[in-house]
Amino acid sequence: MPLHPPRPITPGPPRPVALIVLAVLAALALTACTSTPLASVARPRAVRAPATTAAALHRLVTDGAPGAAALATRDGRLAALPSPNHRPSTAPLRGGTSQFTAVGVADLRSGRKMGRLDRFRAGSLTKTLVATVVLQLVGEGRLALDDPAAEHLPPGVPLTGAGGANDLRRVTIRQLLDHTSGLFNYTEDPHLAEQLYGAGFVAHRYDRHTPTELLRIALAHPPTGATGGSRGSAPFSYSNTNYLVLGLVIQGVTGHPYAEELRRRILAPFDLRGTSFPGDSPTLPAPHGRGYSVIDGRQVDSTALNPSRAGAAGEMITTLVDLNRFFAALLGGRLLAPRQMAQLRSEKATHGAYGLGVYATRLPCGVTVWGHNGDINGSYAQTAGTADGRHLVSYRVNTDDPTDQGDGTAVLTAEFCPSRARPD
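Residues numbered from 1 in each chain as written. Predicted model: local features only at pLDDT ≥ 70, side-chain atom pairs only at ≥ 80, totals over all residues. Heavy atoms only, no water.

1. Describing the state of the cysteines
Going through the model one piece at a time under the given rule, you end up with one disulfide. Residue pairing for Cys365: its cysteine sulfur links by disulfide to Cys417, the two sulfurs lying 1.9 Å apart. Residues Cys365 and Cys417 share a disulfide whose torsion about the S-S bond is about -45 degrees; that sign makes it left-handed. Taken together, the residues Cys365 in the loop between strand 13 (359–362) and strand 14 (368–376) and Cys417 in the segment after helix 12 (405–416) connect sequence positions 52 residues apart. Judged by its relative accessible area of 2%, Cys417 falls in the buried class. (Disulfide = S-S within 2.5 Å. Helix = DSSP H or I, 4+ residues; strand = E, 2+ residues; numbered from the N terminus. Buried < 20%, exposed > 50% of the residue type's maximum accessible area, 1.4 Å probe, protein only.)

Right under this line is the structure:
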């Protein structure tokens, strides 16, 4: 399902695409190249990809992904420049090493391999950028985490539904950020889901959806969990509706569409040249490969689609380079003041499941990394990094739902705990 929450996936049978890929792989070899940083980042030293990381990517391909790629940065040091009043600092990373590793193909027809600067759909990784801007607005005193969401929504946005059981006047900003609002996940509406990622995808892939339309669909369903808009928080329940609403909150507070505000506050200052919010545009900017989905047992090229189905919950297009740059800045404290950084990481209300836009992954070696994942038709990606942002890895596959989510954890284990990674 598109825009999945971070959750374990029960291993399933091999997908038909795996048979095609294995035949292609017989003629392919692992590719690895040294990354070339953008102008504001010091040139990293080239290092060979660890065999464990390469092996973890191979497993992703063997289990059904046409291609897999990862970009790791290590030992990046934040330039020691002051940030008056906790304003974002665009000070560059100093030193460090970087490596790009790719396995399989970006395009099953041409055999083209994945590139370091390839654009791809990032799905729910969009949420971390949205959460960052919301927390910046909190730091600026323009809203508070315990404010009702309805106080900051633009005129004309629906506030209630399902006989009044849902009520955005009783849902707080904090509950939207950490998925304890109880709002139904609109992508799970049976009729809409069939069009978004089921048998109706081909016929409806270019349909345009507005945030208000999608919110009405969500509000027509009873709340998830015990409350959903009444006093107190509902149990943690990942819902794309929460970030759909947060995109509208950003618009209500700033007077600008959420994507414009993210470009101004994050993309432009940190030179994220490969990142965009496409709105209604169905195409990917060059360079890019293809994305693949399996629908009713049949492989479908799902590269082109109208991403308004995702909006602030997951429409972003990006690159592995930009993901590492963003998370290095975020985790390194260059986007949020210390108080908001603590709020970002707080998983208290969800009992360790999710913070306010990021979540922690505890690896077998005892290392804890922070980041997010994201998927949308034809694409799955994840970024994770140490608490200071000096060691990061972003990886992606060009299918929307890896068969075995443990393979993704293996990539993180290979990068952060190489001695504990499974042998090839």
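Still more to cover.
2. A closer look at the packing of aromatic side chains
Evaluated as defined, the whole model comprises six aromatic pairs. With centroids separated by 6.0 Å and ring planes inclined at 25 degrees, the aromatic side chains of Phe236 and Tyr354 adopt a geometry described as stacked. Of the two residues, Phe236 sits in the loop between helix 7 (211–219) and helix 8 (240–254) while Tyr354 sits in the loop between helix 11 (338–345) and strand 13, which places them 118 residues apart along the sequence. Residue class for Tyr354 comes out buried when judged on its relative accessible area of 0%. Ring plane angle 40 degrees and centroid distance 6.4 Å describe the contact between Tyr380 and Tyr395, whose orientation is recorded as tilted. With a gap of 15 residues between them, Tyr380 in strand 15 (residues 379–385) and Tyr395 in strand 16 (residues 392–397) connect regions that are remote in the sequence. With a relative accessible area of 1%, Tyr380 lands in the buried category. The buried category is assigned to Tyr395, whose relative accessible area is 1%. (Phe/Tyr/Trp six-rings, centres within 6.5 Å; stacked < 30°, edge-to-face > 60°.)

3. Re helix 10 (residues 320–331)
Compared with the 16 Å implied by 1.5 Å per residue over twelve residues, the 16 Å span of helix 10 between its first and last C-alpha is a close match. In terms of residue burial, helix 10 counts as a mostly covered element, since twelve of its twelve residues are buried. Every buried residue of helix 10 is accounted for by Leu320, Val321, Asp322, Leu323, Asn324, Arg325, Phe326, Phe327, Ala328, Ala329, Leu330 and Leu331. (Expected span 1.5 Å × (residues − 1).)

4. Considering the confidence of the model for the protein chain
Scored by pLDDT, the protein chain comes out at a mean of 84, with 79% of its residues at no less than 70. A low-confidence stretch, residues 4–49 stays under pLDDT 50, and its non-local contacts, those more than four residues away or across chains, total 102 contacts. Across residues 77–93 the pLDDT falls below 50, and counting only partners more than four positions away or on other chains, this stretch makes 35 contacts in the model. (pLDDT = per-residue confidence, 0-100. Contact = heavy atoms within 4.5 Å.)

5. Here we look at unusual backbone geometry
The step from Ala286 to Pro287 runs through a cis peptide bond, and the omega angle for that step is -5 degrees. Mapped onto the elements of the fold, Pro287 is located in the loop between helix 9 (258–267) and strand 10 (292–295). Even without being glycine, Asp296 reaches a positive phi, approximately 50 degrees. Residue placement: Asp296 occurs in the loop between strand 10 and strand 11 (298–301).

6. Some words on empty space enclosed by the protein
Applying the stated criterion to the full structure yields three cavities of 30 Å³ or more. Of the pockets and cavities examined, the largest cavity occupies roughly 110 Å³. If you trace the largest cavity, you find 16 residues lining it, with Leu284, Arg290, Gly291, Gly378 and Ser379 closest to the centre. At the level of secondary structure, the elements contributing two or more residues to the lining of the largest cavity comprise strand 7 (120–121) and strand 16. (1 Å grid on protein atoms, 1.4 Å probe; cavity = no way out; pocket = protein on both sides within 12 Å on 5 of 7 lines; lining within 4 Å. Points joined across faces, edges and corners; volume = space filled by probe spheres on them.)

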